[in-house]
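Examination of the molecular architecture
Single-letter residue listing:
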Amino acid sequence: SSMSLTAGAAAAPLDAFGTFGDGMVRRITDLEGTEFETSDATVARVDASGRVTPLRRGFATVTVRSGAASAEVPVSVLAPAPRCGRCPRVIPPR
């Protein structure tokens, strides 16, 4: 799976699946002892519960580990839409 977030937005929960030694694929995000690590903490921060906070435009990979299972989740952080305080107000036609 992958995530796409907007810089400055609220943190979002990560969802990751890993393959265990028995060959079974299971959701590892909520398992006790799961660890999360980001490849670039200036782009996206991840907390101990797997919530990703988008900080600035760019790309990062969040690695999720639970025992022998692991997963890498690509995270794209997009720039926020520009705000225009001096743009003319557009009134739609009737």
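Below or above, wherever it landed, is the structure these notes cover. Fair warning: this is a prediction, and the values are worked out from it, not measured in the lab.

Regarding the pairing of strand β1 (residues 3-6)
Of the two faces of β1, only the one carrying Met3 and Leu5 is buried; Ser4 and Thr6 on the other face are not. One ladder, built from 4 bridges, connects β1 with strand β9 (residues 69-78); its direction is parallel. Paired with Leu5 across the bridge in β9 is Val77.

Some thoughts on the sheet that holds strand β7 (residues 51-54)
The 3 strands lie next to each other as β2-β7-β6, forming an open sheet whose pairing is antiparallel. Two strands in the sheet have a free side with no partner beyond their single neighbour: β2 (12-13) and β6 (44-46). Bridging between β6 and β7 involves 3 bridges; their strand directions are antiparallel. The residue bridging Val46 from the neighbouring strand is Val52, located in β7.

Focus on the pattern of salt bridges
On inspection of all chains with the given rule, the structure shows 4 salt bridges. Here Arg27 and Asp30 are joined by a salt bridge, their closest N and O atoms 2.3 Å apart. Judged by relative accessible area, Arg27 falls into the partly exposed class, the value being 37%. The partner of Glu37 in a salt bridge is Arg65, and the shortest N-O contact between them spans 3.4 Å. With Glu37 in strand β5 (residues 35-38) and Arg65 in strand β8 (residues 58-66), this residue pair connects regions lying 28 residues apart in the sequence. A cluster of three or more residues bridged by salt bridges with shared partners is formed by Asp15, Arg27 and Asp30.

About the thresholds
- Residues numbered from 1 in each chain as written.
- Predicted model: local features only at pLDDT ≥ 70, side-chain atom pairs only at ≥ 80, totals over all residues.
- Heavy atoms only, no water.
- Buried < 20%, exposed > 50% of the residue type's maximum accessible area, 1.4 Å probe, protein only.
- Helix = DSSP H or I, 4+ residues; strand = E, 2+ residues; numbered from the N terminus.
- Pairing = 2+ DSSP bridges.
- Salt bridge = Lys/Arg side-chain N within 4 Å of Asp/Glu carboxyl O.

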